[in-house]
Amino acid sequence: MLEKIAIKKWQKHEGSVVASDNGFDVVDCQVCGFKHIISIPTVEELEHVYQHDYYKQEKPLYLERYKEDFEWWNMVYAQRYDTLEQYLPIKQRRLLDIGSGPGFFLLNGQERGWKVKGIEPSIQAVEHSRRLKLDVKHGFYSEKTALELGTFDAINMSLVLEHIPDPAQFLRLIHNQLNDKGMICIVVPNDFNPFQLVLRDHLDFKPWWVAPPHHINYFDFNSLSSLVERCGFRVVHKESTFPIDMFLLMGDNYIGNDEVGRACHSKRMNFEKAMSDSGSGAVLTGLYSAFAQQGIGREVVLYANKL
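Conventions and cut-offs
- Every residue gets a number counted from 1 within its own chain, in the order that chain's sequence is written.
- Totals for whole chains, interfaces and linings use every residue, but because this is a predicted model, local features are given only for residues with pLDDT of at least 70 and side-chain atom pairs only at 80 or more, for both listing and counting.
- The basis for every side-chain value is the complete set of heavy atoms in the structure, and neither hydrogens nor water enter the calculation.
- A pair is scored as a salt bridge if a Lys or Arg side-chain nitrogen falls within 4 Å of a carboxyl oxygen belonging to Asp or Glu.
- Segments assigned H or I by DSSP are reported as helices when at least four residues long, segments assigned E as strands when at least two residues long, and all are numbered from the N terminus.
- Partly exposed residues are those whose accessible area sits between 20% and 50% of the maximum for their type, while under 20% is buried and over 50% is exposed, using a 1.4 Å probe and protein chains only.
- Note on terminology: a nonpolar core comprises buried Ala, Val, Leu, Ile, Met, Phe, Trp, Tyr and Cys residues joined through side-chain atoms within 4.5 Å.
- Any two residues whose heavy atoms approach within 4.5 Å at even a single point are treated as in contact.
- Pairing of N or O atoms within 3.5 Å defines a polar contact, subject to two protein rules: one partner must be a possible hydrogen donor and the other a possible acceptor, and residues neighboring in sequence count only if both atoms are side-chain atoms.
- For this analysis, a ring pair means two rings from Phe, Tyr or Trp (six-membered ring only for Trp) whose centres lie within 6.5 Å, classed as stacked if their planes differ by under 30 degrees, edge-to-face if by over 60, and tilted for the remaining angles.

**Q** Even after reading the chapter, I still don't get the pattern of salt bridges, so can you show me in this structure?
**A** Any two side chains of opposite charge can pair if their charged atoms end up close together. The final tally for this structure, using the stated rule, is 15 salt bridges. Residue D258 is joined to R65 by a salt bridge in which the shortest nitrogen-to-oxygen separation is 2.9 Å. Of this pair, D258 sits in helix α11 (residues 258-277) while R65 is found in helix α2 (residues 62-68), placing the two residues 193 residues apart along the sequence. Judged by its relative accessible area of 44%, D258 is partly exposed. The partner of D82 in a salt bridge is R112, with the nearest N and O atoms 2.7 Å apart. You can see D82 sitting in helix α3 (residues 70-87) and its partner R112 sitting in the loop between α4 (104-111) and β6 (115-120), a full 30 residues away along the chain. Given the relative accessible area of 37%, D82 is considered partly exposed. One network of salt bridges, with partners in common, ties together R65, E68, D69, D258 and R262.

Following this line, the structure appears as structure tokens:
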């Protein structure tokens, strides 16, 4: 007998329940076209967390680990700027980083000649960025702060959109802030991906990637592409990041085990640095683009231009 699929409705949202955690249901929303939790927290409910507690409670080792992996992050960021520069005229080099964190992506761009600016809600991250002599505004990206920031040729959002109560409204605001033919680069977790589903459905793993209320939205390559296109953009390139879940399938269980997690991450960094240092970066990009076509990879990396 087939198990009955639960359907949940909340305000204008409706969809089948695909996961539940911490008092929230994740629904595959037929209205929005992507998975998200219900109920959706308000902006006011989220503000205090991201301004004061997020780095201390959710990412206590974030800055320390970032510094340890600085060389690898610079390699990742250089590749992302390379991709943006492929699609932008040479004189269009003004970038905004929304959720700029400790500022290393901005620093990479500034050192290669871009004019960069960030906006970040965490005061700890803003203070770190300012020690690097970066132009970073403390606060949330909104209609009010968008007016104060100005216009840009490119806008970067890495691990931001999964936290936003209304991603469509957010992207439309970004669309208005971009200059003609401007570019966006979006990175989000690739959730409910094929490797995760094997781990959940056949190897009895709890869906560890479901993390409400911090993670409100759960995207994949198709749902993010559709959302971006509905908001006035044309997708020009998609690739994945390394499919770190593969280590779980091979028996290296890093869930809740920092030592194993760091060992797996080190192997990933070694692999990518070897490919890059040997001049095979294009092969790596091709591999991750092929992974994206299969829905595989821990994160979605999407580039689109303003129509």
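**Q** Would you mind showing me how to read the nonpolar core here?
**A** Soluble globular proteins tend to bury their nonpolar side chains together. With 38 residues, the main nonpolar core has I98, Y141, M157, L161, I174, I184 and V228 as its most contacted residues. Per-element tally for this core: the top contributor is helix α7 (residues 167-177), with five residues. With near-sequence residues (within four places) excluded, I98 lies in contact with I119, Y141, I155, N156, M157, S158, V160, F170 and I174. Formed by 25 residues, the second largest nonpolar core is a distinct cluster that contains M75, V76, L107 and V301.

**Q** Looking at this structure, how should I read the environment of R298?
**A** You can see R298 is positioned in the loop between α12 (281-293) and β12 (299-306). With a relative accessible area of 18%, R298 lands in the buried category. For the pair R298 and P243, spaced 55 residues apart in sequence, the C-alpha to C-alpha distance is 4.9 Å. Not counting residues up to four positions away in its chain, the partners in contact with R298 are P189, N190, D191, N193, Q196, W209, T241, F242, P243, I244 and D245. A polar contact is formed between the side chain of R298 and the side chain of D191, at a distance of 3.3 Å.

**Q** Which parts of the structure should I look at to understand the packing of aromatic side chains?
**A** Aromatic ring pairs are defined here through the distance separating the ring centres and the angle between the ring planes. Following the criterion strictly, the structure yields 17 aromatic pairs and no others. Taking the centre distance of 5.1 Å and the plane angle of 40° together, the rings of Y66 and F104 count as tilted. Taken together, the residues span a long stretch of sequence, with Y66 in helix α2 and F104 in helix α4 at a distance of 38 residues. The class for Y66 is buried, based on a relative accessible area of 6%. Following the ring pairs from residue to residue traces out a cluster consisting of Y66, F70, W72, W73, Y77, Y81, F104, F105 and W114.

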